[in-house]
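Each chain, written out:
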Amino acid sequence: MNFKSIRFSIYSLVLFVGLIFGIVFLFKFNILIGFAGIVLLLIPAKLQRIAIDEANGKVDKFIAKYLVLILAVAISFLAIMSVAFWMKVL
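Since the structure is predicted, the reported quantities are computational estimates derived from the model, not experimental observations.

Rules used throughout
- Residues numbered from 1 in each chain as written.
- Predicted model: local features only at pLDDT ≥ 70, side-chain atom pairs only at ≥ 80, totals over all residues.
- Heavy atoms only, no water.
- Phe/Tyr/Trp six-rings, centres within 6.5 Å; stacked < 30°, edge-to-face > 60°.
- Helix = DSSP H or I, 4+ residues; strand = E, 2+ residues; numbered from the N terminus.
- Buried < 20%, exposed > 50% of the residue type's maximum accessible area, 1.4 Å probe, protein only.

Caption draft 1: Broad picture of the packing of aromatic side chains. The full count for this structure, using the stated rule, is three aromatic pairs. Where Phe8 meets Tyr11, the ring centres are 6.4 Å apart and the plane angle is 90°; that geometry is what we call edge-to-face. Placement of both Phe8 and Tyr11 in helix H1 (residues 3-29) is noted, with a separation of three residues, approximately one turn of the helix. The class of Tyr11 is partly exposed, set by a relative accessible area of 44%. Between the aromatic rings of Phe62 and Tyr66, the centroid separation amounts to 6.0 Å while the plane-to-plane angle is 45°, which identifies the pairing as tilted.

Structure (structure tokens):
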């Protein structure tokens, strides 16, 4: 088990969630800047690739390959829905 892999997985997930919130806000205000923000999603993908390369145990590989992706999709859905909700309320 390599904690460096788990650390990179957590960094990737946190950065991905932050970028998703930012991109959703950018799309709400200006569509062209929102498309430019999508390019920033390459950074968490690179961090996840590093996490997968550093993983040497079964738990590490499961976290880096599958768990991060599942959490990213779920949190992305929640981020988009919450931003849409709060923009409608405010």
